[in-house]
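Below are the chains, spelled out letter by letter.
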Amino acid sequence: MGDSLLRQWLKTPAMVGAILPSSRHLARAMARHAGASNALVELGAGTGTITRELVRQHPGVPLILFEQNSTLASRLHSHFPHAEIIAECFHQRADRLAQLPERAVFVSSLPFRSLPADIAIPTISALQQLLSGHPQRRLIQFTYQPRAPFRAPAGLAWRRYVTVWRNAPPAGIWELAMPDRQSRDDLAA
Ligand SMILES: C[S@@+](CC[C@H](N)C(=O)[O-])C[C@H]1O[C@@H](n2cnc3c(N)ncnc32)[C@H](O)[C@@H]1O
């Protein structure tokens, strides 16, 4: 599988953003931080490493996978026949999420730091629309950098969770959500 992600990276490095799949340690932590939800939307599912953990830790929760690379998307089809798989860029088909339940969680491996601006900007704007006004929705995103994955859009705020050292390279897990939701969680903790 690593070989396969490497092969796809060689074709479009800025879009794929990694030569190795996420480690099982990162996958477990991402799935754990997704928490309870009525629907899971994975962005950039790639080789399906995180997808497998989402299915294992959240059985029965409807799963929608976005993967722009057609080779990787067709492999996801065969490994996750119960998931809805959208083999296009997220921002181009975010309209497919119009009926998403209130308590939906987005889990993303999108390589925001290398994505071309004409993809990163509309992707962030689509996420802003899907999260704003929905205090129970969240985006769980990892990044290899010590700072937030991208500047928080108006009305949303980042919270840093953990660093997973057993990943190449080590990755920080972050959550993007409405600040109200985050302060309620802090009070409940
Ligand atoms: C870091 S890689 C995959 C990581 C994944 N967790 C794994 O272990 O294979 C990021 C993936 O995002 C996909 N991708 C990049 N931009 C995308 C977009 N705008 N919409 C959907 N998928 C995208 C790439 O094709 C690539 O498979």
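Details of the structure are given in the entry above.
Residues numbered from 1 in each chain as written. Predicted model: local features only at pLDDT ≥ 70, side-chain atom pairs only at ≥ 80, totals over all residues. Heavy atoms only, no water.

### Side note on the side chain of Gln-8
Part 1: The residue Gln-8 is located in helix H1 (residues 2-11) in this model.
Part 2: Classification of Gln-8 by relative accessible area gives buried; the value is 4%.
Part 3: The contacts of Gln-8, once residues within four sequence positions are left out, are Val-16, Asn-69, Thr-71 and Leu-72. (Helix = DSSP H or I, 4+ residues; strand = E, 2+ residues; numbered from the N terminus. Buried < 20%, exposed > 50% of the residue type's maximum accessible area, 1.4 Å probe, protein only. Contact = heavy atoms within 4.5 Å.)

### Describing the side chain of Thr-49
Part 1: As for its placement among the helices and strands, Thr-49 is situated in helix H4 (residues 49-57).
Part 2: For Thr-49, the side chain forms a polar contact with the side chain of Thr-47, separated by 3.1 Å.
Part 3: Those residues in contact with Thr-49 that sit more than four places away from it in its chain are Pro-21, Ser-22, Ser-23 and Ala-27. (Polar contact = N/O pair within 3.5 Å; in protein donor to acceptor, adjacent residues only side chain to side chain.)

### Some points on the site of the ligand
Part 1: In the region of the ligand, 23 residues are neighbours, and Met-15, Ser-22, Thr-47, Glu-67 and Gln-68 sit closest.
Part 2: Between the ligand and the protein, one listed contact pairs an oxygen atom with a side-chain N or O atom of Thr-49 at 3.2 Å.
Part 3: Here the ligand has 600 Å² of accessible area as a free molecule, and 99% of this is covered by the chains.
Part 4: Of all the secondary-structure elements, those providing two or more residues to the shell around the ligand are helix H2 (13-16) and H4.
Part 5: Of the residues in the shell around the ligand, the class split is 13 nonpolar, eight polar and two charged. (Near = heavy atom within 4 Å. Areas by Shrake-Rupley, 256 points an atom, 1.4 Å probe, with all protein chains shown as cover. Nonpolar A, V, L, I, M, F, W, Y, C, P; charged D, E, K, R; others polar.)

### Regarding helix H6 (residues 117-131)
Owing to its 3.6 residues per turn, the α-helix brings residues three or four apart onto one side.
Part 1: Between its first and last C-alpha atoms H6 spans 21 Å; for 15 residues at 1.5 Å apiece the expected length is 21 Å, and the two agree.
Part 2: Taken residue by residue, H6 has Ile-119, Ala-120, Thr-123, Ile-124, Ala-126, Leu-127, Leu-130 and Leu-131 as its buried positions. Around the axis of H6, the buried residues are gathered within 160° of arc, so they sit on the same side. Residues of H6 that are exposed and point more than 90 degrees away from the buried face comprise Asp-118, Ile-121 and Gln-129.
Part 3: On its buried face, H6 sits against H2, strand S1 (39-43), strand S4 (104-108), strand S5 (138-143) and strand S7 (171-177). (Expected span 1.5 Å × (residues − 1). Arc of directions from axis to C-beta.)

### Let's talk about the nonpolar core
Part 1: In this structure, Phe-90, Leu-97 and Phe-106 are the most contacted members of the largest nonpolar core, which totals 31 residues.
Part 2: At the level of elements, S1, strand S2 (63-66), S4, H6 and S7 are the ones that each hand at least two residues to this core.
Part 3: Considering every element that reaches this core, the biggest residue donor is H6, with seven residues.
Part 4: When near neighbours in sequence (up to four residues on either side) are disregarded, Phe-106 contacts Val-41, Leu-97, Leu-100, Leu-127, Leu-130, Leu-131, Arg-137, Arg-138, Leu-139 and Ile-140.
Part 5: The next biggest cluster of nonpolar side chains, apart from the first, holds 24 residues, and it includes Ala-31, Ala-73, Val-107 and Ala-171. (Core = buried A, V, L, I, M, F, W, Y, C linked by side-chain atoms within 4.5 Å.)

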